[in-house]
Amino acid sequence: MNSFSETEAIALIRLRHSQHQLNEMLKAKRFKIPIHLAFGHEAAAVGMDLTMQPEDVLCLSHRNGAYNLARSKSLKTVLTHYQLEERPNGMAQMASMNLAVDNTGIVYSSSILGNNLAVAAGIALNRKFLQRAGIVFVVMGDGAMEEGAFWETLIFARSHKLGLVVVVENNNCSMSSTIEERRYPIDLSLVCRGLSVIYQHTSGAALYDVKVALKAARAMASDGHPALVELEITTFNQHAGPTPGWADDPMRIVLEDGLLVGHDMKDPLFQLHEVLGAAEFNRLAEHIMKVNHVG
Amino acid sequence: MANPTYIGQIIGQVNEVTEHCGPVFLYGENIDRGSRISGLARGLKVNPAGRIQNVGDCELTHCGIGFGIMLDGGNAGLFVKQLDFMLLGLDQFANTFNSIRAFRQRNTLGSFTVFVIVCDQGYQGPQSSFNGAGDFASIANVPVFCLNGAGDASRVVQKHFVAPGFRMMCLSQRLFGAPVLDVPVETCDEDRGLFRYRSGNDATIVSFNFSLRDSLEMDTHLRGAGMQSDVFHMNFVPRMDMGALVESCRRTRKLVLVDDSKTVTKFGDRLVTELCARGINVKVLSFCRRGCADTDYGATEDRFLPDVERVLAFMRHPACSQ
Ligand SMILES: Cc1ncc(C[n+]2csc(CCOP(=O)(O)OP(=O)(O)O)c2C)c(N)n1
């Protein structure tokens, strides 16, 4: 297993702890809005944060919370949106599904599956047309992949040689259906080969692997080869709202039980725990949880 | 240019903007090939910093692309062969633009303009007969302009094309080869939502969609019979000020609505509701196709003809009292 820098370890723990706090608040019905947590997506979000350059931009889906937290590094900021606090200059509240926290490089989040892809391609096209620097990353799930917009965008991006990186978070889940329960499996490597789009595939739970894949994709996209990165991810929480979501929900996430939600390599925090060892992990976690606590 | 056509005049206006506006990205399916989108893009030019780009057949993506360019501060112009193709982009018009308008200051945005042909000549078959430009305005609450003649086209294109934000500019296929309608505009509002072409105290005639020629013809008949009317054309602009229309109706007490779209929800209804709400009593004659019989969607000529005799009969009735 690869090692983690201190910055990476802090980022992963802070993000996990923020999600735990949000989950507890959701259980306490503290929000009027639906929130899509992303326990298990921490390495993907932190990897994205570490890969993006200042001139890059990011377009997200409904499951954008982890990325907004990773980029803003502030649960408090995200909470101002979730709690529908007033915004400056008469701007509307962003709430959760369209959250794109200011000054994070996140320029657009869409709750409509596939909708963010064309917008991301448009930004990439504008960058190319105006000869402005910056790669556009766009994140989606294995459900959104079924939308026609996914195919259209790949063809468009390839045809116009756009600096676009499409990240598919494949969690084998679309709301309550696994892939097998809803469609024929799709081999994205073959799809990308057919379209001559660069393809990267890796575990979305391993921060190092995510960084390597995103960095390689970014480099290719900078040269006008749009790329797709497929991340195998386990989402440990319910589609939306708190987990457990109902009295006899077999999924359980409780902050009191500790930061880990999985006890194998599918949990990015478990990977960190294994590398650091329990004592060091707990020491670091205790410190970060104190600083990151929002009450 | 001597006697330009309807489309020639509009493209001339577009070119006047693109000549000086700096980087602008004009794109569409076959925009620089073959018939140039049935003539929509024939003669289109850009300045050296601009681009005319042929693109593949993916309208939903084209609409998202335009918003992406706009979000990133660029200027996008999408040229489209049929209004019904834009139904594929409705998600972008409604959802994407709703998000942008809610979260971003307009002055930080670039521009996105859709130039789209409305297939209103008929003979195209059922699947190309959608002509309700205002339906887009209604669903997405966005400005939709129907370019009818030289006066409105020049003012709308000059004011809005490459201005920050989003709008659709619709062109009538039926009028493409016709000589441009060059009737002087008497007044128009800031947003280019409402144009007045003629004035008088006997009736208020309001044209929607591509009915301006018919409305002016109707007015000419009435003038021949000694009756003078206010003649307006109304575009679909969010939060439009209807004050001038209301004032006119208050004066004339007779309202003639002319709308060649097949849409069920009519923007003229909004005016009537507004008049009711203000307690202004008017007699209303509505020339419109409120939806159609199923057979009307076939491949025949798609011609909407207001009946002049009915207007004359309507005008002979006394107006409502105060
Ligand atoms: C166009 C559209 N269709 C359906 C939905 C309802 N919906 C919301 S999230 C979701 C599941 C999406 O699955 P995926 O893309 O894999 O993302 P995940 O929630 O697993 O992260 C669905 C079907 C939607 N938001 N948009």
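In what follows, the structure referred to is the one given above.
Residues numbered from 1 in each chain as written. Chains lettered and ligands numbered in written order. Predicted model: local features only at pLDDT ≥ 70, side-chain atom pairs only at ≥ 80, totals over all residues. Heavy atoms only, no water.

Trainee: Please clarify how the overall build of chain B should be interpreted in this entry.
Mentor: Of the regular secondary structure elements, chain B holds nine helices and 12 strands. Here the C-alpha atoms of chain B give a radius of gyration of 20 Å, agreeing with the 20 Å that 2.2 N^0.38 yields for 322 residues. Taking the principal axes of its C-alpha atoms as reference, chain B extends roughly 60 × 40 × 40 Å. When contacts within chain B are restricted to residue pairs at least 6 apart in sequence, long-range pairs at least 24 apart make up 82% of them. Carbon and sulfur atoms make up 50% of the accessible area of chain B, which totals about 12500 Å². Here chain B contributes 33 positively and 34 negatively charged side chains, and the mean placements of these two sets differ by 3 Å. (Helix = DSSP H or I, 4+ residues; strand = E, 2+ residues; numbered from the N terminus. Rg over C-alpha atoms; globule rule 2.2 N^0.38 Å. Contact = heavy atoms within 4.5 Å. Areas by Shrake-Rupley, 256 points an atom, 1.4 Å probe, with all protein chains shown as cover. Lys, Arg positive; Asp, Glu negative; His and termini not counted. Charge placed at Lys NZ, Arg CZ, Asp CG, Glu CD.)

Trainee: Mind showing me how you'd approach the layout of surface pockets here?
Mentor: One way to see where empty space is left: roll a probe the size of a water molecule over the atoms. Of the voids in this model, the largest pocket is the one considered here, and its volume is about 480 Å³. Lining the largest pocket are 26 residues, and of these A:Arg63, A:Cys173, A:Ser174, A:Met175 and A:His239 sit closest to its centre. Taken together, the residues that form the lining of the largest pocket break down as eight nonpolar, 15 polar and three charged. By volume, the second largest pocket is sized at about 410 Å³. For the lining of the second largest pocket, the secondary-structure elements that each account for two or more residues are strand 2 (106–109) of chain A together with helix 3 (90–103) of chain B. With four residues, the top contributor of residues to the lining of the second largest pocket is strand 2 of chain A. Counted by class, the lining of the second largest pocket contains 11 nonpolar, nine polar and three charged residues. (1 Å grid on protein atoms, 1.4 Å probe; cavity = no way out; pocket = protein on both sides within 12 Å on 5 of 7 lines; lining within 4 Å. Points joined across faces, edges and corners; volume = space filled by probe spheres on them. Nonpolar A, V, L, I, M, F, W, Y, C, P; charged D, E, K, R; others polar.)

Trainee: So what exactly am I meant to see when it comes to unusual backbone geometry here?
Mentor: In terms of backbone geometry, most residues other than glycine have negative phi values and most peptide bonds are trans. Residue and element names in this part refer to chain A. Backbone torsion omega between Thr243 and Pro244 reads 5 degrees, so that peptide bond is classified as cis. In this structure, Pro244 sits in the loop between strand 6 (227–232) and helix 10 (268–276). Even without being a glycine, Lys29 presents a positive backbone phi close to 55 degrees. Relative to the elements of secondary structure, Lys29 occurs in the loop between helix 1 (6–27) and helix 2 (42–51). Of note in this structure, Asn89 is not a glycine but carries a positive phi near 55 degrees. A relative accessible area of 62% places Asn89 in the exposed class. (Buried < 20%, exposed > 50% of the residue type's maximum accessible area, 1.4 Å probe, protein only.)

Trainee: Teacher, can you tell me more about helix 9 (residues 308–316) of chain B here?
Mentor: Residue and element names in this part refer to chain B. Among all positions of helix 9, only Val311, Leu312, Phe314 and Met315 are buried. Each buried residue of helix 9 sits inside an arc of 160 degrees when the element is viewed along its axis, so together they form one side. When the buried face of helix 9 is taken as reference, the exposed residues oriented beyond 90 degrees from it are Glu309 and Arg316. Buried-residue contacts for helix 9 involve strand 9 (203–208), helix 6 (212–224), strand 10 (229–234), strand 11 (254–259) and strand 12 (283–288). The N-cap of helix 9, judged by a side-chain oxygen 2.9 Å from the amide nitrogen of Glu309 a few residues on, is Asp307. (Arc of directions from axis to C-beta. Polar contact = N/O pair within 3.5 Å; in protein donor to acceptor, adjacent residues only side chain to side chain.)

Trainee: I keep staring at the interface of chain A and chain B and nothing clicks. Help me out?
Mentor: Interface size, as often reported, equals the accessible area lost upon joining of the parts. With 28 residues of chain A at the contact, the number on the chain B side is 31 residues. Both sides of the chain A and chain B interface together cover about 2400 Å² of buried area, and 65% of this is carbon and sulfur. Run the count over chain A and chain B and you get two salt bridges. A:Arg132 is paired through a salt bridge with B:Asp72; the nearest N and O atoms lie 3.2 Å apart. Summed over the shared surface of chain A and chain B, the result is nine residue pairs in polar contact (both at pLDDT 80 or more). When contributions to the side of chain A that touches chain B are tallied by element, the ones reaching two or more residues are strand 2, helix 5 (115–129) and helix 6 (148–159) of chain A. The biggest single contributor to the side of chain A that touches chain B is helix 5 of chain A, with 10 residues. (Buried area = accessible area lost by both parts, 1.4 Å probe. Salt bridge = Lys/Arg side-chain N within 4 Å of Asp/Glu carboxyl O.)

Trainee: Is there a simple way to think about the sheet that holds strand 5 (residues 198–203) of chain A in this case?
Mentor: The strands that make up a sheet pair up through hydrogen bonds in the backbone, lying either parallel or antiparallel. All names here are of chain A. Reading across the sheet, the six strands line up as 2-1-3-4-6-5 and stay open at both edges, with parallel pairing between neighbours. Each end of this open sheet is capped by a strand with a single partner; those strands are strand 2 and strand 5. For this sheet, the mean angle separating the axes of adjacent strands, direction not counted, is 20 degrees. The sheet contact formed by strand 1 (residues 57–60) and strand 2 spans three bridges and is parallel. Of the residues in strand 2, the one forming a bridge with Leu60 is Ser109. Sheet strands touched by helix 2: strand 1, strand 3 (136–141), strand 4 (164–170) and strand 6. Its angle to strand 3, the strand with the most contacts, is close to 170 degrees. (Pairing = 2+ DSSP bridges. Axes fitted to C-alpha atoms, helices over the stretch in contact; angles between N-to-C directions.)

Trainee: Please clarify how the packing of helix 3 of chain B against helix 4 (residues 133–140) of chain B should be interpreted in this entry.
Mentor: Helix packing geometry: the angle between the two helix axes and the distance between the axes. All names here are of chain B. Helix 4 packs onto helix 3 with a crossing angle of 40 degrees between their chain directions and a minimal axis gap of 9 Å. Taken together, helix 3 and helix 4 sit at an angle that is classed as oblique. Taken as a pair, helix 3 and helix 4 cross one another with a handedness that is right-handed. Note on element contacts: helix 4 touches helix 3 through Phe136, Ile139 and Ala140, opposite Leu90, Phe93, Ala94, Asn98 and Arg101. Residues that form the contact of helix 3 with helix 4 fall into these classes: six nonpolar, one polar and one charged. (Parallel < 35°, antiparallel > 145°, perpendicular 65-115°, else oblique. Left-handed = near helix turned anticlockwise from the far one by under 90°.)

Trainee: Please clarify how helix 11 (residues 278–292) of chain A should be interpreted in this entry.
Mentor: Count 3.6 residues to each turn of an α-helix, and residues three or four apart come out pointing the same way. Residues and elements named next belong to chain A. Relative to the 21 Å expected for 15 residues at 1.5 Å per residue, helix 11 spans 20 Å between its end C-alpha atoms, a close match to the ideal helical length. Three or more residues of helix 11 are buried, namely Phe281, Leu284, Ala285, Ile288 and Asn292. Projected down its long axis, helix 11 shows its buried positions confined to an angular sector of 105 degrees, all on one face. Of the exposed residues in helix 11, those oriented more than 90 degrees away from the buried face are Ala279, Glu286 and Lys290. Where helix 11 is buried, its residues touch helix 1, helix 4 (75–82) and helix 10. (Expected span 1.5 Å × (residues − 1).)

Trainee: Would you take a moment to explain the pairing of strand 5 of chain A for this structure?
Mentor: Remember that side chains alternate between the two faces of the sheet whenever the strand is regular. Residues and elements named next belong to chain A. The pairing of strand 5 with strand 6 spans six bridges and is parallel. Directly across from Ser203, in strand 6, lies its bridge partner Glu232. For the crossover from strand 5 across helix 9 (residues 207–222) to strand 6, the handedness is right-handed. (Right-handed = clockwise from strand over helix to strand, strands pointing away.)

Trainee: I keep staring at the site of the ligand and nothing clicks. Help me out?
Mentor: Residue and element names in this part refer to chain A. Around the ligand there are 15 residues in total, and His62, Arg63, Ser111, Gly143 and Ala144 lie nearest to it. Residue Arg63 places a side-chain N or O atom 2.6 Å away from an oxygen atom belonging to the ligand. For the ligand, an oxygen atom lies 2.7 Å from a polar atom in the backbone of Gly143. For the ligand, the protein covers 76% of the area, taking 580 Å² as the surface of the free molecule. For the ligand, the cavity whose grid points lie within 2 Å of the majority of its atoms is the largest pocket. Looking at the shell around the ligand residue by residue, the classes come out as five nonpolar, seven polar and three charged. (Near = heavy atom within 4 Å. Sits in = over half its atoms within 2 Å of the grid points.)

Trainee: What am I meant to see in the environment of B:Asp307 here?
Mentor: Residue and element names in this part refer to chain B. Locating Asp307 in the fold gives a position in the loop between strand 12 and helix 9. What makes Asp307 partly exposed here is its relative accessible area of 36%. Distance from Asp307 to Phe195, taken between C-alpha atoms, is 23 Å for residues 112 residues apart in sequence.

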